[in-house]
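In case you want the letters, here they are:
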Amino acid sequence: MSTVKAGIIGFGYMGNFHLRRTREIQEIQIVAAHDIQEEKLMNARQEGLRAYDRLEDFLSDEEIALVFICTPNNVHASLSIACLNAGKHVMCEKPVTMNVPELEQVIAAAKKANRLFTCHQNRRWDTDFLMVKQAVDSGVIGHVTSLQNRVYGQRGVCFGWRADPKAGGGMLYDWGIHLIDQCLCLFEGRRVESVYARLQSILTPAVDDSFELQMGFDNGVCAKVQVGTFCLQDLPRWFVYGDRGTLKIDDFTGKTGGMARIRGNVQGFDSVFGKNIGPSRTMAPLKPEYLETLPLPHAESDPCAYHRNLAAAVRGEETLYVSFDDMRRDMTIVDLAFESSRKNEVIKTRV
Ligand SMILES: NC(=O)c1ccc[n+]([C@@H]2O[C@H](COP(=O)([O-])OP(=O)(O)OC[C@H]3O[C@@H](n4cnc5c(N)ncnc54)[C@H](O)[C@@H]3O)[C@@H](O)[C@H]2O)c1
């Protein structure tokens, strides 16, 4: 098996992440980096990489077959096209571009150059997501009817270029794209029929530091994505309703939460009486004997799976995990979410 030689554009947080991750596997070796900051180039040299301050010199390095683009979001498209035109395969960080028209230009460049182009939708390999996927696919809580997929932090203020709208800042691009991609992966083969979003700027004025987004699928599922940077109480990472039970996962570790379902074929469940449960009793707790408490779904994540697939695709041995169509669907939902929030309307679609 030959090792794919690669370079990194943007040697900040994610550039370093890809360097470390590829050092865990044989299939990819990072040999060079390009950045516009001298400090980052020094870091690259300390890591034993060839460091280029000029993009043209980086692109002329013939040893580089694959480029990891890890810059702020607004230059993803132009850098991807430059790399593809130079004959390199490209893996671009999320969000792959700023919008669908930009993405189509990059896809056209990839097709013309006959080179691979994909995006780092790595949260498909998160343990918590794999647990939810397992619950959805197995039907352990029945047919899933709705879910909440959320990430809330406390700091409030978006940091660095993430607070700059020109750089592609804001939480819809930052976290939204991951959670949207996860929701689309949960219901493979299904289409999104409607999108409604409300973007807000609570403590970072220029960008959305908080948003809610609702996707209606053609199988009736309502998937809600919620992201906020200023939340001082814990909410579960996932809440999944099925027609036979409910799943809750507290955080990214997937270690705590709960899953329960109705036992056997019980119908018309009786409630526990004697409590102050209101006149309709609809919201009353069930008799404990009707309930089956289950262990949380089990999932094992392979943190190197994405990079191994990337290398195998460059060698022509595997299909990329994140396809053109996957990227188109993710970016279409992002575009529609911005439109929905601007117009305060539900946008009908078929994505
Ligand atoms: N997949 C994930 O889990 C994940 C996590 C964090 C960030 N990201 C994505 O990775 C990208 C980078 O984020 P980060 O947190 O590493 O940012 P960062 O600020 O830590 O690093 C960005 C680097 O890009 C460099 N840069 C800026 N413009 C450039 C240009 N035109 N040419 C070359 N270099 C340039 C900067 O000097 C900096 O070193 C973003 O697109 C972000 O959305 C993905």
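Residues numbered from 1 in each chain as written. Predicted model: local features only at pLDDT ≥ 70, side-chain atom pairs only at ≥ 80, totals over all residues. Heavy atoms only, no water.

A. Here's a closer look at the sheet that holds strand β8 (residues 192-200). Taken together, the nine strands give an open sheet; going across it, the order is β14-β13-β12-β11-β7-β10-β9-β8-β15, and neighbouring strands pair in mixed fashion. Looking along the sheet, the strands with just one partner apiece sit at the ends: β14 (291-294) and β15 (347-348). The sheet contacts of helix α6 (residues 127-138) involve β7 (144-152), β11 (238-242) and β12 (245-249), and relative to β12 the element is tilted by about 170°. (Pairing = 2+ DSSP bridges. Helix = DSSP H or I, 4+ residues; strand = E, 2+ residues; numbered from the N terminus. Contact = heavy atoms within 4.5 Å. Axes fitted to C-alpha atoms, helices over the stretch in contact; angles between N-to-C directions.)

B. Quick peek at the domain arrangement of the protein. In terms of domain boundaries, the protein breaks down into domain 1 (4-120) and domain 2 (124-302 + 334-343). Placing a centre on the C-alpha atoms of domain 1 and another on those of domain 2 gives a separation of 32 Å. Between domain 1 and domain 2, the residue contacts involve 11 residues of the former and 10 residues of the latter. Taken together, the two surfaces of domain 1 and domain 2 that pack against each other cover about 840 Å², and 55% of this comes from carbon and sulfur. (Domains from an automatic or database assignment. Buried area = accessible area lost by both parts, 1.4 Å probe.)

C. Quick look at the packing of α6 against helix α7 (residues 171-186). For the pair α6 and α7, the least separation of the axes is 10 Å and the interaxial angle reads 25°. The orientation of α6 relative to α7 falls into the category roughly parallel. Handedness of the α6/α7 crossing: right-handed. Contacts between α6 and α7 involve F129, V132, K133, V136 and D137 from the first element and Q182, C185 and L186 from the second. Across the contact of α6 with α7, the residue classes break down as five nonpolar, one polar and two charged. (Parallel < 35°, antiparallel > 145°, perpendicular 65-115°, else oblique. Left-handed = near helix turned anticlockwise from the far one by under 90°. Nonpolar A, V, L, I, M, F, W, Y, C, P; charged D, E, K, R; others polar.)

D. Examining the packing of α7 against helix α9 (residues 324-343) more closely. Running from N to C, α7 and α9 point in directions that differ by 125°, and their axes come no closer than 9 Å. Between α7 and α9, the crossing angle belongs to the class labelled oblique. Seen along the crossing, α7 lies across α9 with a hand that is right-handed. Across from L172, Y173, I177, I180, D181 and L184 in α7, the residues of α9 making contact are R329, D330, M331, I333, V334, A337 and F338. Counted by class, the contact of α7 with α9 contains 10 nonpolar, no polar and three charged residues.

E. Highlighting the site of the ligand. For the ligand, the set of nearby residues contains 24 residues, the closest of which are M14, D35, N73, K94 and N122. Interatomic distance of 3.0 Å between a side-chain N/O atom of W161 and an oxygen atom of the ligand. A per-class count over the shell around the ligand returns nine nonpolar, 10 polar and five charged. Each of domain 1 (4-120) and domain 2 (124-302 + 334-343) contributes no fewer than three residues to the shell around the ligand. (Near = heavy atom within 4 Å. Polar contact = N/O pair within 3.5 Å; in protein donor to acceptor, adjacent residues only side chain to side chain.)

F. Quick look at the layout of surface pockets. Space inside the largest pocket adds up to approximately 1,100 Å³. Taken together, 40 residues make up the lining of the largest pocket; nearest its centre are Y13, M14, C70, E93 and R162. Put simply, the parts of the chain that give the lining of the largest pocket at least two residues each are α1 (13-22), α4 (76-85), α7 and α8 (305-314). Grouping the amino acids of the lining of the largest pocket by side-chain chemistry returns 17 nonpolar, 14 polar and nine charged. Here the lining of the largest pocket spans two domains, and each of domain 1 (4-120) and domain 2 (124-302 + 334-343) adds at least three residues to it. Taken as a whole, the second largest pocket encloses approximately 270 Å³ of empty space. Along the walls of the second largest pocket sit 16 residues, with R155, M171, D174, W175 and T229 positioned nearest its centre. Of all the secondary-structure elements, those providing two or more residues to the lining of the second largest pocket are β7, α7 and β10 (222-228). Per element, the largest residue contribution to the lining of the second largest pocket is three residues, and it comes from α7. Of the residues in the lining of the second largest pocket, the class split is eight nonpolar, five polar and three charged. (1 Å grid on protein atoms, 1.4 Å probe; cavity = no way out; pocket = protein on both sides within 12 Å on 5 of 7 lines; lining within 4 Å. Points joined across faces, edges and corners; volume = space filled by probe spheres on them.)

G. Here's a closer look at the pattern of salt bridges. Tallying each qualifying case throughout the model produces 29 salt bridges. The partner of R190 in a salt bridge is D218, and the shortest N-O contact between them spans 3.0 Å. Taken together, the residues R190 in the loop between α7 and β8 and D218 in the loop between β9 (210-217) and β10 connect sequence positions 28 residues apart. Owing to a relative accessible area of 34%, R190 belongs among the partly exposed residues under this scheme. Residue E193 is joined to R350 by a salt bridge in which the shortest nitrogen-to-oxygen separation is 3.9 Å. Of the two residues, E193 is situated in strand β8 and R350 in the segment after β15; the sequence distance between them amounts to 157 residues. The class for E193 is partly exposed, based on a relative accessible area of 36%. (Salt bridge = Lys/Arg side-chain N within 4 Å of Asp/Glu carboxyl O. Buried < 20%, exposed > 50% of the residue type's maximum accessible area, 1.4 Å probe, protein only.)

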